[in-house]
Amino acid sequence: MAGAVEIPAAAEAIKFIAMTPKTALSLFGIGLVGGVLSGFLGSGGAFIMTPAMMSMGIPGIMAVAANITHKFGKAIMGAKKHSEFGNVDMRMGLVMFVALFAGVKVAVSMNKGVLEKMGAAGSNLYISVMFVAILTWVSWFMYRDIKRQRNGAAENASGKGSTLTEKIRNINLPPMVHFKVAGVRASLWLALLVGFATGFLAGTIGVGGFIGVPAMIYLLGIPTYVAAGTELFLAIFSGAQGAFLYALNGYVDIRITLFLYLGSLIGVNLGAIGTRVVRGSQIKLVMVSIIVMVALSRAAMVPVYLSDMGRIAMSHSMHDMVTLLSNIFLYGSGLVGVGLIMMWILQAYRRAEKQEKSEVGVSSQAAR
Amino acid sequence: MGQKNSQSKKTAMLQALLCLIGTAVLYFIVFTNSDQVTNILKSKSYYAPLTSISIVLLASFLYGTAVSNILKHTLQERLKSQELREE
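As the structure is a computational prediction, the values presented were derived from the model and not from experiment.

(A) Region of interest: the overall build of chain B. Along chain B, the regular secondary structure elements total three helices and zero strands. Scanning chain B from its N terminus toward the C terminus, one meets helices and strands in the order α-α-α. A buried classification covers 40% of the 87 residues belonging to chain B. Accessible surface computed for chain B: about 5,100 Å², of which carbon and sulfur atoms make up 65%.

(B) Structural view of the pairing of strand 3 (residues 176–179) of chain A. All names here are of chain A. Every second residue of strand 3 is oriented toward a common face, the buried set being V177 and F179 and the non-buried set M176 and H178. Both strand 3 and strand 4 (residues 184–187) contribute to a ladder of four bridges, which runs antiparallel. If you follow H178 over to strand 4, its bridge partner there is R185. The hairpin turn running from strand 3 into strand 4, its antiparallel successor, is four residues long, and G183 in that turn takes a positive phi close to 75°.

(C) The environment of Y349 of chain A, seen in detail. Along the chain, the position of Y349 of chain A falls in helix 12 (residues 316–367). Judged by relative accessible area, which is 28%, Y349 of chain A ranks as partly exposed. Along the sequence, Y349 of chain A and N269 of chain A sit 80 residues apart, while their C-alpha atoms lie 16 Å from each other. Not counting residues up to four positions away in its chain, the partners in contact with Y349 of chain A are L75, R78 and L79 of chain B.

(D) Broad picture of unusual backbone geometry. Residue and element names in this part refer to chain B. Despite not being glycine, K44 shows a phi value in the positive range, around 60°. Within the fold, K44 resides in the loop between helix 2 (34–42) and helix 3 (47–78). Residue classification places K44 among the partly exposed residues on the basis of a relative accessible area of 46%.

(E) How the structure looks around the pattern of salt bridges. Taken as a whole, this structure holds four salt bridges over all chains when the rule is applied. Put simply, R78 of chain B and E353 of chain A hold a salt bridge, and the shortest N to O gap is 3.4 Å. Separated into two different chains, R78 of chain B in helix 3 and E353 of chain A in helix 12 make up a pair that spans both. For R78 of chain B, a relative accessible area of 27% translates into the label partly exposed. Of the residues examined, E353 of chain A reaches a relative accessible area of 28% and is grouped as partly exposed.

(F) Quick peek at helix 2 of chain B. Residues of helix 2 of chain B that are buried: S34, V37, T38 and L41 of chain B. Seen along its axis, helix 2 of chain B keeps its buried residues to an arc of 100°; they face one direction.

(G) Looking closely at the packing of aromatic side chains. In total, this model carries five aromatic pairs over all chains according to the counting rule given. Centre to centre, the rings of F244 of chain A and Y46 of chain B are 6.1 Å apart; their planes meet at 35°, and the pair counts as tilted. Within this pair, whereas F244 of chain A is found in helix 9 (residues 224–248), its partner Y46 of chain B is found in the loop between helix 2 and helix 3, the two belonging to separate chains. Take Y46 of chain B: its relative accessible area is 60%, and that puts it in the exposed class.

(H) Spotlight on a nonpolar patch on the surface. A contiguous nonpolar surface patch, about 710 Å² in accessible area, is contributed by L14, L17, L18, I21, V25, F28 and I29 of chain B. Structurally, L14 of chain B can be placed in helix 1 (residues 2–32).

(I) Examining the packing of helix 3 (residues 60–84) of chain A against helix 10 (residues 254–274) of chain A more closely. Residue and element names in this part refer to chain A. For the pair helix 3 and helix 10, interaxial distance at closest approach is 9 Å and the crossing angle is 30°. Here helix 10 runs roughly parallel to helix 3, going by the angle between their axes. Considering the relative orientation of helix 3 and helix 10, their crossing is right-handed. Every residue of helix 10 that contacts helix 3 at A66, T69, H70, F72, G73, K74, M77, G78, K81 and H82 is listed here: I256, T257, L260, Y261, S264, L265, V268, N269, A272 and I273.

(J) Geometry of the interface of chain A and chain B. In this complex, chain A contributes 51 residues to the contact, which on the side of chain B involves 40 residues. Both sides together, the interface formed by chain A and chain B hides about 4,500 Å², and carbon and sulfur atoms give 67% of it. When residues of chain A are sorted by the area they lose upon contact with chain B, I254, L258 and R276 of chain A head the list and together hold 14% of the total. The tally of links between chain A and chain B comes to two salt bridges. For the salt bridge of E356 of chain A with R78 of chain B, the shortest nitrogen-to-oxygen distance reads 3.5 Å.

(K) Highlighting the environment of R351 of chain A. The residue R351 of chain A is located in helix 12 in this model. Judged by relative accessible area, which is 38%, R351 of chain A ranks as partly exposed. Non-local contacts of R351 of chain A, meaning those with residues more than four positions away in its chain, are made with V277 of chain A together with Q82 of chain B.

Conventions we followed
- Residues take numbers from 1 onward in each chain, read along the sequence in its written order.
- Labels follow written order: the first chain is A, the first ligand is 1, and so on.
- This being a predicted model, a pLDDT of at least 70 is required before a residue's local features are given, and a value of 80 or more before pairs of side-chain atoms are given or counted; all residues contribute to the totals for chains, interfaces and linings.
- The side-chain figures draw on all heavy atoms in the structure; neither hydrogens nor water molecules are used.
- Counting from the N terminus, the helices are the DSSP runs of H or I reaching at least four residues and the strands are the DSSP runs of E reaching at least two.
- A simple rule labels every residue: compare its accessible area, found with a 1.4 Å probe on the protein chains alone, to the largest value its type can have, and call it buried under 20%, exposed over 50%, or partly exposed in between.
- Per-residue and other accessible areas were derived by the Shrake-Rupley procedure at a 1.4 Å probe size, with only the shown protein chains allowed to occlude residues.
- Between any two strands, pairing holds if DSSP finds at least two bridges.
- Should any heavy atoms of two residues lie within 4.5 Å, those residues are considered in contact.
- The working definition used for a salt bridge is a side-chain nitrogen of Lys or Arg within 4 Å of a carboxyl oxygen of Asp or Glu.
- Within this analysis, the arc is defined by the directions that extend from the helix axis to the C-beta atoms.
- Paired rings are identified among Phe, Tyr and Trp, the last through its six-membered ring, by centres lying within 6.5 Å, and are further divided according to the angle between planes into stacked (under 30 degrees), edge-to-face (over 60) and tilted (the rest).
- Patch rule: a residue counts if its relative accessible area is over 30% and it has no salt bridge; like charges are joined within 9 Å, and nonpolar side chains (Val, Leu, Ile, Met, Phe, Trp, Tyr) within 5 Å.
- Axes, fitted as lines to C-alpha atoms, cover a helix only where it is in contact. Angles between the N-to-C directions of the axes lie from 0 to 180 degrees.
- An angle below 35 degrees is read as roughly parallel, one above 145 as roughly antiparallel, one from 65 to 115 as roughly perpendicular, and any other as oblique.
- Crossing handedness is read from the near helix: turned anticlockwise from the far helix by less than a right angle, it gives a left-handed crossing, and turned clockwise, a right-handed one.
- When two parts are put together, the accessible area they lose, computed with a 1.4 Å probe and summed over both, is reported as buried area.

Below, the structure is given as structure tokens:
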């Protein structure tokens, strides 16, 4: 395995890290966690993967490039798995990917511009700020939805249940398209808007699913597990385009991508199988738990990147302490999410075992 | 029927084994030639995306098929009775 290869000149962010066994094992672990979340939530592996790679010392833009390149292949295999389960609405995916292409293109240009103008620390800061802003908004939105669901019966009874998302969902702006697998009829323009937003986020921070999946659920009204499957199908296109553009700009370290695959392709299959044994509300619970913790993790890193840029003064000990705090939130979110998913799979496994035993008991009694 | 299932399981596992061998070969080739591969990827020419996307597609297909086949005939089969389809 090759050591670190540094590219001199202007592109200071391009730094190919040394691939030690520890690095390889960390990438395997990051891939596994990201894969489970991705298979279960449709996307969202990059919630953890991009910042986790950044915490390992991989420059932000290269972490995004590695993640989006790896996402391309992972999405193909994940969508194939979800498709076996009838979780992929290809019509919705195809409608959305047109707008998604434009979104990725805009985001990659913006990322490149930020890197050229502000350097590596500025690029890291930009990606972190985007993470915090978007994750905070999504978590607040989902928190309100959960709260509303709790009070759902009372609100519906009093006729106050109509929210902004429901009003948006009911917009009948022609042409209207019927999405058969998802079982919904929605405005083409709305689907295109969701696609653009997903592509923009995929290109900016290497992930689009955490906006794409909630948008599909809340704005287009499709079932959670179909949103997860369709998002993975959509991720094939954003992944392909992102992988192409980042590679063309020389930001892809294929060794990182290959080590990510070792974990993530196991994870994506486990996650997809997991969606078969849980309810839609459980998928949402995992998503919101992770979003809140990752937002806290990235928020903690903002002063560190500002200090790296020389904008604020921070002592070394404070720098290390804040980084540690950020890592605790970050890896904690992965552990919480994957822990919940694996716990539910294990519980289903035990139930299946118990059921099988009781069926064997009944048939042996009948034989007597 | 049972014989057919067992046959398909055998075929799937054999395919998984072949794919795992293919994955190992691919990884060996990439990592023993990582300097050359890295140089291509740094070139900022159309060879860079062509190389990275080819490797990515091959790796995900080979390793993904292997993992999917193994899990399909182990964990997924085991959990079949516990499947839910409610929102």
